[in-house]
Each structure stands twice: as C-alpha cells, then as structure tokens.
Amino acid sequence: MISFDDPTWWRSAVVYQVYPRSFADADGDGIGDVRGIIERLDHLASLHVDAIWISPWYPSPLADGGYDVSDYRDIHPDFGTLADADELVARAHDLGIRVLIDLVPNHSSDQHPWFQQALAAAPGSRERNRYVFRDGRGENGDQPPTNWGSLFGGSAWQRVTEADGRPGQWYLHMFAPEQPDWNWDNPEVVQEFDDILRFWFDRGIDGFRIDVADSLFVHRGWVDTPVDQLTGFGTYQKFEGHPLWDQPELEHLQKRWRAIADEYAGTALGPRIFVSEAYLPLQRLVRHVRPGRLHSSFNFEFLQSEWDADSLRHVIDTSLAAHAGVGAPTTWVLNNHDVIRSVSRYGKPVSGRRFRATAGDGVSDDPHWQERMAASPTDVALGRRRAAAAALLMLALPGGAYIYQGEELGLDEVEDLPDDSLQDPIWVRSQHTVRGRDGCRVPLPWSGTHAPFGFGSAGHDPWLPQPGRWATLTAERQDADPASTLNLYRTLLALRHELPALGEGTAGISWDAAPAGVLSFTREPGFRCVVNLSDAPYPLPGGRTLAASCPLDEGMLPADAAVWLSA
Ligand code: TEU
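A. Main features of the overall build of the protein chain. Across its full length, the protein chain holds 16 helices and 18 strands. For 567 residues, the compact-globule estimate of 2.2 N^0.38 gives 24 Å, and the protein chain sits close to it at 23 Å. For the protein chain, the proportion of its 567 residues judged to be buried stands at 61%. Considering only intrachain contacts with a sequence separation of at least 6, the fraction spanning at least 24 residues in the protein chain is 68%.

Structure below.
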C-alpha cells in the first residue's frame, strides 16, 4: 500500500493498466465493465500494485476501441455509470490503490456534439474553428490540403459535404476519419480541456495518462511532409521539425496542465499527476518531463528493444542518463494495448529494434521492423521464459513501471484471431494487410477450464474470442500454483515495497563485470539483479535468492532467466 501523504508516490509506482472492455465482466454480456473492475480489486490488491490506469471508459462509438470520445464527462453505458466510477475510485483508494484515467486530447469522436455542430456550420464559423478544417488544393479544392498521412493508413484529411450538398472543406484526422483532430490553437478548446481535467480531479481521480501527448498542435505552415509519410501505423518517422509532431507550443500547454494538477496540493489526495504517451526519441522525450512540465513519460525504447543484452543495456544507460539530466524518474514499460505482448515478442527471431551505442541516434534498424516482427514466427514457451526474466529486469530498475493486464498471467499475443472477429480500424484501413492490435486485447481468463474463463456467459461470448490454451493460465489456476507467473509478479511487487534499494531509490545502478550476454547490476543497499541473455548457464555470485524467473539449478542461472539477489 502506498502512502497518500507522499506527493512523490508516482516516482516509484507500479501502475497496472486496465483495458476496461477486456478486464472483467460483471454482468456477463461478454464486455468488461466498471463493476467488473470493482469485483476484481482484490486481484489488484494481492498483486500489490500502487495504482491503476484505466484506458478510455467514456461514451464512444468505438471506432478505435474508445479512443474516439463522444462525451468526456461520462461513462460508456456498456461499462456502467458515473456512480459506478465513483464507487470504483472510492474502493480502490480504500485499498491504497490510486486511479489514473485516459485523457484523449488530440481528437474527439466524429459523434462528439461539437464535431456534429462543426459539420452543420459554415466554413470559417466558430464551430468549425474548434477542429482543423481547411480548403482543399487544386482547382475545385478536391485535393487534400497537405500530403499528411493518417497513422491508421490513407490520407489524414477527410472531405465533408457542405449544407448546400456540395463537396466542401477537409478536416484533419491523424488517426481514423471518425477521430477528428481538435484545434489546439483555439482558446475555447484549451478551456474545455481545463474543465475536463477539473471535472475528474474533483471526483478523486489521481491523474491522467495523456494519449498521443506529442501531437495536439500542428505546424500552421501547412507544408507537405518531405518524405512519403502515407504508409501508416508504426512506420511514421517523427523527425525533428515534422509538421505534425512535437511542436514547441506543447510546452506552454503542459505547464498549464501541471499548474492545474498542482492546484490540488492541499487536498487529501495531494497534487495530481500526468504520464505522457509519446513515441519520441529519448532526447526529445525527456524535454516533456522537465521541471514544471509533465511528471512522467512512458519509456518506449525499453519496450521496443530486442531481446539482446547490448541493446537493452544501451537503452537502460541512455534512459537513466537522459532522465537524470532533467530530474525525472524513468517510467519503464514492456506491454500495453497497442503492442504485441512481450511473451510473444521475445519468442520471435525478430524481437524488436536493435539499439547500439554506435549509431547516430542509437538505433540501427529499418522503418519496417514492426511488420518484420509481426510476420516472424513465435516460440511461445521461449518467449514466456524471457518475458518473466524481462519483468525481473524492468522491476529492478530505478523509477516507476507500468504493467498491462494479463502480463501478470504471462498471456501471449493471440496471433490467430479469426479475420471476421478483428475490430482494430487498422485492419480495414490497411485493406486487410495489417491485422492490428486486437491480439493483445483479448478478454482475460479468470477461472474455469474452458472459454470464456469467467468472462461473459452462456450466449454472450467475450467480444474477442479467447484461445482454449489459456486454460492453464487462468488467474484461479495460477493463484493456486506457487511457481506461477502471477505469484512471481506478486513476489516482485511486494519486494519493491520492502526493499529500500528498489523503486526510484537514492542511488542509481552500478554494472558488475559479467560475460557477454549477461546483465548484472547492483543497487544500494544490498541488492543485485542478474539477467542471462546468453546461451550458456551463468554461475551466480553469492547472495540470498529473493526471486527468480524460473527454478535455479545448483547456483547456476540458466539461459533466458533472471534472478534478484541480496548483495
Ligand atoms: O496510440 C498512439 C500511437 O501513436 C501509438 O499507438 C503508436 O503509434 C504505435 O503504437 C507505435 O507502434 C494511442 C492509443 O494508445 C491507441 O490505442 C489509439 O489508437 C491512438 O492513440 C489514437 O487515439
């Protein structure tokens, strides 16, 4: 349990991501709900998580899994009511668990009342100015205003039909056409989001995860991107000076939001916090967590690194140095609802990007590494072994960490979902060439020996089908098995609370001499983590074993395993 008196709680916190549609289903309709989260708070408490982050739970037509919000101040009826949300927050707080929710400020749903008003209003009107509307290029304005591409494939501009029935202006959507971008140059939009923050802070929400926090503003020169950026999701190059990403205006907005969060310093919950979602190179990422700006930002380079000792060590060293330079803790993450689960990633011959000290920006890979990874075969047993070892590594590093629901059960990516079950807009917008992110969003297996494993009920299948092989991975079954992944996570998180060396700590890490492929470091006082990414068993140094990712054999650490020792 964390102390609610400590305003720096987030610097060491382990936050558990809840994807509400797939977490727990209390009413048995095959769709997760807020009451389901309430009923499973005991699972979260027994894991010793410090906080939960709930992916969007707002009313939404679900063009992008809820990241298309039609009302920022309510709960999706599939999930429950505002009263349920209030109850969840109160009960979580009683258990010492903080609650973060998702802020989606780059775009709304096209069903948001303000966007509907914008469509009905004339070009140049106040209503249109809340979004990014432009006249098209070409003689009849039938060409998009710029060549900008949507992350989900195709153009980032969609043409509308004006009230008189004629083809009219175009609006910007960096994601799906059902997700029109807000105009952050408009003070009315700024004010609206100030109010949304206060609405939830006043209800006892401890902070926000900010969706695509590096987009929001776009460059008003309306210049084309110099390279072909129309290839879509995952291959976008956020080079410095890109007209769509990481604009300088963000700094002012971040300081404004930070000031609002800090206004709550005098309340029982203390000041509120932000974690930023921005896939940016490290040196640019840490600008966003400078003093007075946002608190923390996901470290996606760690998540993206391949299973390779040199690559991971490079990411760890550069991450710690870059964050130390701005006084912010690093925020480690291995999984979320957008990426292939670590169990499957690490079981692939292409397990990520290769980070190296030598390359200019520390990365040497081709822009299509994600596609290559998705296409490479998976050895799930190997991946599960490595993912457990990676958890020991992540949770031993200085700073905070995020774990994604199902990570604590060692779930693998469901790579063989039937085509007709796929919901991710990427699948349709890529003309059925990119399967998208549904494979990590399959509802959790809670109990029983066959699907739906306590999620849904007779006649109400889970909204994505679960694989039968998950029968061995249910929370119920793992609870009873001392050697399960679930009990390993419980041990690791409990140790983080017990051992002063862990979490942010007061000292960094110091690397021990070790052969190629072995990562070994100590943290004061008295802690050592050893991860064996080589092919050969590694003779362990002395010290009491605090936790291990697999059974240890006579003082030897097998390949693809990790151990925590008292040093
Ligand atoms: O994702 C934004 C985003 O840009 C990342 O998903 C990233 O491009 C990709 O994972 C790189 O591999 C956020 C949400 O997390 C996602 O679920 C939404 O679809 C998206 O924003 C739009 O709101």
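B. Highlighting the side chain of Asp64. Counting through the fold element by element, Asp64 comes out in the loop between β2 (51–54) and α4 (82–94). Its relative accessible area of 5% is what places Asp64 among the buried residues. Discounting residues that sit within four places of it in the chain, Asp64 has contacts with Phe152, Gln179, Pro425 and Arg437.

C. Focus on the site of the ligand. Neighbouring the ligand are 18 residues, the closest being Asp64, Asp211, His337, Asp338 and Gln370. Here an oxygen atom of the ligand and a side-chain polar atom of Arg437 are 2.9 Å apart. Partitioned by chemical class, the residues of the shell around the ligand number seven nonpolar, four polar and seven charged.

D. Inspection of helix α10 (residues 309–324) at higher detail. Between its first and last C-alpha, α10 extends 22 Å over 16 residues, near the 22 Å set by a 1.5 Å rise per residue. Buried within α10 are the following residues: Ala309, Ser311, Leu312, His314, Val315, Ile316, Ser319, Leu320, Ala322 and His323. Its side-chain oxygen at 3.1 Å from the backbone nitrogen of Asp310, Asp308 defines the N-terminal cap of α10.

E. Inspection of the pairing of strand β9 (residues 296–299) at higher detail. Bridge count between strand β8 (residues 273–276) and β9: two bridges; the pairing is parallel. In the sheet register, Ser276 faces β9, and the bridge partner there is Ser297.

F. Local environment of the side chain of Asp308. Relative to the elements of secondary structure, Asp308 occurs in the loop between α9 (300–304) and α10. Engagement of the side chain of Asp308 in a polar contact is seen with the backbone nitrogen of Asp310, the distance being 3.1 Å.

G. Structural view of the nonpolar core. Within the largest apolar cluster, 141 residues are counted, with the highest numbers of intra-cluster contacts made by Trp57 and Trp564. Here the element with the most residues in this core is helix α13 (residues 380–396); it accounts for ten residues. With sequence-adjacent residues up to four places away left out, Trp57 is seen in contact with Pro20, Val34, Asp74, Ile75, His76, Phe79, Ala85, Leu88, Ile101, Trp200 and Ile205. In terms of nonpolar packing, the next biggest core, distinct from the first, is built from 17 residues, Val132, Trp148, Trp157 and Leu244 among them.

H. Inspection of the packing of aromatic side chains at higher detail. A complete count under the given rule lists 34 aromatic pairs for this structure. The interplanar angle of 80° and the centroid separation of 5.9 Å between the aromatic rings of Trp114 and Trp182 together place this pair among those described as edge-to-face. Linking Trp114 in helix α5 (residues 113–120) with Trp182 in the loop between β6 (167–172) and α6 (187–202), this pair joins segments that are 68 residues apart in sequence. Here Trp182 falls in the buried class, since its relative accessible area comes to 2%.

I. Just the environment of Ser12, in detail. Relative to the helices and strands, Ser12 is located in the segment before β1 (14–18). Sequence separation between Ser12 and His497 is 485 residues; the distance between their C-alpha atoms is 9.6 Å. Apart from the residues lying within four places of it in its own chain, the contact partners of Ser12 are Asp50, Gly399, Gly400, Arg496, Gly503 and Glu504. A polar atom in the side chain of Ser12 sits 2.8 Å from the backbone nitrogen of Glu504.

J. Just the sheet that holds strand β14 (residues 527–532), in detail. Taken in spatial order, the five strands of this open sheet run β12-β13-β14-β18-β16, and their pairing is antiparallel. Looking at the sheet topology across the chains shown, the edges are occupied by β12 (510–511) and β16 (545–548). Bridge count between β16 and strand β18 (residues 561–566): three bridges; the pairing is antiparallel. The residue bridging Thr545 from the neighbouring strand is Leu565, located in β18. Sitting on the sheet, α13 touches β13 (518–523), β14, β16 and β18, and the angle it makes with β18 is about 35°. Where helix α16 (residues 485–498) meets the sheet, it contacts β16 and β18, and its direction lies at approximately 140° from that of β16.

K. Region of interest: the pairing of β13. Along β13, six of the six residues are buried, which leaves the element largely enclosed by surrounding structure. Residues Val518, Ser520 and Thr522 of β13 are buried on one face, and the alternating residues Leu519, Phe521 and Arg523, pointing to the opposite face, are buried as well. Taken together, the two bridges between β12 and β13 define a ladder with antiparallel strand orientation. Bridge pairing links Ser510 to Thr522 in β13. As consecutive antiparallel partners, β12 and β13 are separated by six residues, and within that stretch Gly517 has a phi angle of approximately 90°, a positive value. Of the pairings in the sheet, the one linking β13 to β14 comprises six bridges and is antiparallel in character. The partner of Thr522 across the bridge, within β14, is Arg528.

L. Highlighting the pattern of salt bridges. Throughout the structure, instances matching the rule amount to 39 salt bridges. A single salt-bridge network, built from bridges that share partners, covers Asp64, Asp338, Asp424, Arg437 and Arg441.

M. Layout of α6. Taking 1.5 Å of rise per residue, the 16 residues of α6 would be expected to cover 22 Å, and the 22 Å separating its terminal C-alpha atoms lies within 8% of that figure. Within α6, burial applies to Glu188, Val189, Val190, Glu192, Phe193, Asp194, Ile196, Leu197, Trp200 and Phe201. Next to the buried residues of α6 lie α4, β3 (98–103), α5, β7 (207–210), α7 (250–262) and β8. In this structure Asn186 caps α6, since a side-chain oxygen of it lies 2.8 Å from the backbone nitrogen of Glu188.

N. Representation of the environment of Glu301. Mapping Glu301 onto the fold places it in helix α9. Considered as a pair, Glu301 and Arg429 are 128 residues apart in the sequence and their alpha carbons are 27 Å apart. With near-sequence residues (within four places) excluded, Glu301 lies in contact with Leu280, Pro281, Leu282, Val315 and Phe355.

Procedures and definitions
Residues numbered from 1 in each chain as written. Predicted model: local features only at pLDDT ≥ 70, side-chain atom pairs only at ≥ 80, totals over all residues. Heavy atoms only, no water. Helix = DSSP H or I, 4+ residues; strand = E, 2+ residues; numbered from the N terminus. Rg over C-alpha atoms; globule rule 2.2 N^0.38 Å. Buried < 20%, exposed > 50% of the residue type's maximum accessible area, 1.4 Å probe, protein only. Contact = heavy atoms within 4.5 Å. Near = heavy atom within 4 Å. Polar contact = N/O pair within 3.5 Å; in protein donor to acceptor, adjacent residues only side chain to side chain. Nonpolar A, V, L, I, M, F, W, Y, C, P; charged D, E, K, R; others polar. Expected span 1.5 Å × (residues − 1). Pairing = 2+ DSSP bridges. Core = buried A, V, L, I, M, F, W, Y, C linked by side-chain atoms within 4.5 Å. Phe/Tyr/Trp six-rings, centres within 6.5 Å; stacked < 30°, edge-to-face > 60°. Axes fitted to C-alpha atoms, helices over the stretch in contact; angles between N-to-C directions. Salt bridge = Lys/Arg side-chain N within 4 Å of Asp/Glu carboxyl O.

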